[in-house]
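Okay, here's what each chain looks like letter by letter:
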Amino acid sequence: MENYKPFSPLSGSPRAAVAATGLTALELLRRAQAAPPGAWDELRGGVEAPEPKRDAGFEPLSAPWSEFLQHLGPQGVAGLSPRVAQLERQVRDNGISYNVYADADRPQRPWSLDLLPLMVDALSWQQIEGGVLQRMRLLEHIMADTYGPQRLLKTGMLPTALVQGHPGYLHAMQGVAPVGGQHLALAAFDLARGPDGCWWMLSQRTEAPSGLGYLLENRLLISRQFPQAFETMPVQRLAEAYRGLVDGLKQRSPAGAEAHIALLTPGPYNETYFEHAYLARYLGLTLVQGGDLLVRHQKLYLKTLQGLQRVHCLLKRVDDAWLDPLELRADSTLGVPGLLQVVRAGNVLLANAPGAGFLESSALLGFMPALAKSVLGEELRLPAIPSWWCGERSAMQQVLPRMADCVIKPSYPAFSSRHSFEPVLGRTLSQRERDEWSGRIFRDGAAHTLQAFLPISHTPVWQADPGTPSFGARPVILRVFALANAQGGWNVLPGGLARLGTHEGIASMQRGGSSADVWVLTGSSGAPGVAVRADGKNQTAGQGQSQNSGQTQSQSQSQSQSALALDSASAAPLRPWQGTPSLTPTLAAGALRQRIVTSRAAENLFWMGRYTERSENILRLTRLSLDVLGSEDQTCAPLIAWLNQLAVSHGLVVPGVPAAQQSRRVFERSLVAGLWDTQHTTGVGFNLKAVFLAASCVRERLSPEHWSLIEQAQNTLLQPDVTDLHDPVQAQRVLVRTSQLMAALTGAQTDRMTRDDGWRLLSIGRHIERLDFLAHALSCAVHAGALQEQAGFDAVLALFDSTISFHAQYQQSRTVSALLELLLTHADNPRALAWVAHTLRARLARMGDLAEGGTQAMAARVPKLASADLRALCPDGLHTTPALLILLQDCRDAARATSDSLNTLFFAHSGESSQSVGA
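Residues numbered from 1 in each chain as written. Predicted model: local features only at pLDDT ≥ 70, side-chain atom pairs only at ≥ 80, totals over all residues. Heavy atoms only, no water.

(A) Layout of the sheet that holds strand 16 (residues 448–452). Strand order across the open sheet formed by four strands is 13-16-14-15, with antiparallel pairing between neighbours. Unpaired on one side and paired on the other, strand 13 (387–389) and strand 15 (424–425) mark the two borders of the sheet. Of the strands in this sheet, strand 14 (406–410), strand 15 and strand 16 touch helix 14 (residues 431–443), which is tilted by about 125° from strand 16. (Pairing = 2+ DSSP bridges. Helix = DSSP H or I, 4+ residues; strand = E, 2+ residues; numbered from the N terminus. Contact = heavy atoms within 4.5 Å. Axes fitted to C-alpha atoms, helices over the stretch in contact; angles between N-to-C directions.)

(B) Summary view of the pattern of salt bridges. Counted according to the given criterion, the structure contains 29 salt bridges. Of the charged contacts in the structure, one is a salt bridge between Arg766 and Glu613, with a shortest N-O distance of 2.9 Å. You can see Arg766 sitting in helix 21 (residues 757–784) and its partner Glu613 sitting in helix 15 (residues 599–629), a full 153 residues away along the chain. Under the relative-accessibility criterion, Arg766 is labelled buried at 6%. Connected through shared salt-bridge partners, Glu613, Glu616, Arg766, Arg770 and Arg831 make up one network. (Salt bridge = Lys/Arg side-chain N within 4 Å of Asp/Glu carboxyl O. Buried < 20%, exposed > 50% of the residue type's maximum accessible area, 1.4 Å probe, protein only.)

(C) Up close: the sheet that holds strand 9 (residues 299–304). Reading across from one edge, 8-9-10 is the order of the three strands in this open sheet, with antiparallel pairing throughout. Strands at the two margins of the open sheet, each flanked by one partner only, are strand 8 (293–296) and strand 10 (307–310). Looking at each pair of strands side by side, their axes are set apart by 45° on average, direction ignored. Pairing of strand 8 with strand 9 involves four bridges; the strand directions are antiparallel. Considered in strand 9, the bridge of Leu294 is made with Tyr301.

(D) Quick look at unusual backbone geometry. Going from Ala351 to Asn352, the amide bond is cis rather than trans, its omega being 0°. The topology assignment puts Asn352 in the loop between strand 12 (349–351) and helix 12 (368–376). Even without glycine at this site, His297 takes up a positive phi of about 55°. Structurally, His297 is set in the loop between strand 8 and strand 9. Residue classification places His297 among the exposed residues on the basis of a relative accessible area of 67%. Here Gln298, not a glycine, exhibits a phi torsion of approximately 60°, which is positive. Within the secondary structure, Gln298 sits in the loop between strand 8 and strand 9. According to the relative accessible area criterion, Gln298 is partly exposed, its value standing at 21%.

(E) The nonpolar core, seen in detail. Of all hydrophobic cores here, the largest spans 107 residues; its most connected members are Trp642, Leu819 and Leu902. With 14 residues, helix 21 is the largest single contributor of residues to this core. Apart from the residues within four sequence positions on either side, Trp642 is in contact with Leu624, Ala777, Cys780, Ala781, Ala784, Ala786, Ala795, Val796 and Leu799. In this structure, Met136, Met143, Leu162 and Ala187 belong to the second largest nonpolar core, which totals 85 residues. (Core = buried A, V, L, I, M, F, W, Y, C linked by side-chain atoms within 4.5 Å.)

(F) Local environment of the pairing of strand 6 (residues 261–264). The alternating pattern of strand 6 places Ile261 and Leu263 and Ala262 and Leu264 on opposite faces, both of which are buried. Pairing geometry for strand 6 and strand 11 (residues 313–316), over four bridges, is parallel. By the bridge assignment, Ala262 is partnered in strand 11 with Leu314. Note that strand 6 and strand 7 (residues 286–288) share three bridges and pair parallel. Within the sheet, the bridge partner assigned to Leu263 lies in strand 7 and is Leu287. Taken together, strand 6, helix 10 (residues 273–283) and strand 7 constitute a β-α-β crossover, and its handedness is right-handed. (Right-handed = clockwise from strand over helix to strand, strands pointing away.)

(G) Main features of the packing of aromatic side chains. Tallied over the entire structure, the rule returns 18 aromatic pairs. A ring pair is formed by Trp65 and Phe68, whose centres lie 5.3 Å apart and whose planes are at 80°; its orientation type is edge-to-face. Within this pair, Trp65 and its partner Phe68 are both found in helix 2 (residues 63–69), separated by three residues, close to a single helical turn. Overall, Trp65 belongs to the buried group, its relative accessible area being 2%. A ring pair is formed by Phe230 and Trp519, whose centres lie 5.4 Å apart and whose planes are at 70°; its orientation type is edge-to-face. (Phe/Tyr/Trp six-rings, centres within 6.5 Å; stacked < 30°, edge-to-face > 60°.)

(H) The arrangement of the packing of helix 15 against helix 22 (residues 790–799) in detail. Here helix 15 crosses helix 22 at 150°, and the two axes come no closer than 10 Å. Between helix 15 and helix 22, the angle falls in the class roughly antiparallel. Remark: the crossing between helix 15 and helix 22 carries right-handed chirality. Within the contact between the two elements, helix 15 uses Arg620, Leu621 and Leu624 and helix 22 uses Ala795, Ala798 and Leu799. (Parallel < 35°, antiparallel > 145°, perpendicular 65-115°, else oblique. Left-handed = near helix turned anticlockwise from the far one by under 90°.)

(I) View of the state of the cysteines. One pass over the structure, following the stated rule, counts zero disulfides. The closest cysteine sulfur to the non-disulfide-bonded Cys390 is located on Cys406, 8.9 Å from its own sulfur. Assessed through its relative accessible area of 3%, Cys390 is described here as buried. (Disulfide = S-S within 2.5 Å.)

(J) Spatial organisation of the confidence of the model for the protein. Looking at the protein, the pLDDT average stands at 85 and 85% of residues meet or exceed 70. pLDDT under 50 marks residues 52–58. Its contacts with residues more than four places away, or in other chains, come to 13 contacts. Counting interchain partners and residues more than four positions distant, the pLDDT-below-50 stretch residues 538–552 has 62 contacts. (pLDDT = per-residue confidence, 0-100.)

Put into structure tokens, the structure is as follows:
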């Protein structure tokens, strides 16, 4: 049990009041919710806290929490509720999300993060660190043996039915030597602290473990909420482990230090896609989907604007079954045809190697104590929760009478061909239900694993309820990560992802769970963390033992539940941090290179630019139409005809609505209704949603501020704060706010993005859209005769966003020639067609080094409007000639032809379908 330390709520102010309740910090701590009977209390440092020292006026707390609460700053406990609000706002602003597949069409769900971190003291971390590294060595040996000589299967140390009957075992990888000499580059381990104060292994994730990005974002957010505590307490930093992971992957890959590493993601609809984009951006990896890759001559290539580029390593976040539709699931669109053949040829490193999924089976935990003793000659340092695989009749007969004290878990994962189900607590079942489960288990024992129920520890949380803030307690599961390093072994990331359960004990993020940052504290003497090679050498953790293990699964369950005894003489101290906190990896000299732009990213950036420009144009058109329909200009027939033509052609109203000339009010109501209708119209809401979807696919390239603007613009329009969705006045208010956000978004795209080829395509997309829209608008105005009317003349200027410029330059002149000079041939007006065409030509010419100069011909086709002869287009200054309409049509044709040519040149890859993947 940890030492207790008296807590002074605030240095110099022990009776600081919590304004919302009038309770002192000491009283709040006394009323803090305790862990349930039999569960470890992280706040108090034991199963049952001793009697508080009421005579001294202090509440006994564990040492880490006592120190943390003394560094809350001037406001002390009273400042926790405002910090909760700040934290929630920061999560929304950063766009941190976690979605379930069922919510794909709903607004993204913000990531759930608790304010208070989970504290892990130095002694506990030594147990965790040493135990995790030992597990990595053991799991690596199991993988090597399973896909190699299979001695463990032949000797019966592992049941063949459990391993080869598991969907995660891949027969296609049997006998394949791992690229780089190791199968596992990273793994995650879920731990819980038991009533004895010892951390116990609950499960392990080796196929595509998640959490590395979320825990990093958690650290950034929580350290900013408690800067004084974070700086004062010896919290271990994270950046070195992430640097080690990249170095380790390069060291194992075929190309060594020059390796091109990509992160393979299922795409933006995956529940943890935010993390994929975040990790790719932080680690400097190329974020790719299966469609971005192809196989040629047993090598893996990435489709980019610069052509095919070799990929030497894939950090995969796609489950193994979906990796290769040729050899695994034929219906997969997430993988790469021929990928496993590239792995077998040794030409690409997959982290982890395909086929590691069977290690995740909860049934395997029951065999680990005996395996550790047989394979490593060691006792397990991190005890595993006692587990019984019911595929062995002896184990099934032993555990079924104890079902009420166990958790029933599936041996195989969900979404597989084998029977699976949600875990069930035996103590929640009636006798009849337990009998039914016994029958199921007896009929299909291999699909069921029973684990001993472990009362897991509870960590404090701050419940910022209005009027009654308080300290609560939630069950917590700690996920820690072992990451590859450049020395050929692994480091344990000195932190983790704490998952907080609900009051019912559920710690799943899909089912209402939350997360917390994890602060791993160093010892007072200060010493480096543990690193280990694959052979187990160079280990500085203590060599203590935590449990006894025999040679059978049943014998392996007689484990000691006492706290782990570490050999302090051999345990090296942890080095305290010196300097300012940093999570940014440093780059070696000469490491900078041109940023790779994948064809998929290029296409999404292009359409993101088009939809952003289209949204702005449609916004301006809708606002102008509503203004006119509500003003005295509604009687101007040419103006109304012009607006009606534009609204119909751009899909702002549903088909069949009476024209504005016939029923202005009906048309107005349809125009307002179309704002929020994304199913039947292509108005503002439809285009903002399209911007969001395109941006989602390139999120790793967007800053948090950029992404936040996209979310705000969409939410402002599609989730409006109005009482009447059909009121034009309230609709105008929403449109004004949305226009302001779109203007900010334009600024972010123009001035806050690196000007690589991806950005140029985004800009090209915007200018193609602007050229087409403005040329069409001006052509329709000429057709409708709107330029001959004062109201129509002013409306055209407003749609071109050039009213102020016109009045400043031409004062009271209302000639058509003056308007054409500003909107058609002006070289300095960004809304003039000449300026748009010139910029489009320049962007295309700048990309002339790609695709054998294919963009040069596109640039030559764009009309040069600055030199257009206005006297030929408008001889008398008031009336236009057919030459103007021909010129405007040329602009539209050039814009559309450029779009089609870009698609053929960079996005379609139509010539690649005939290529063989190699055999």
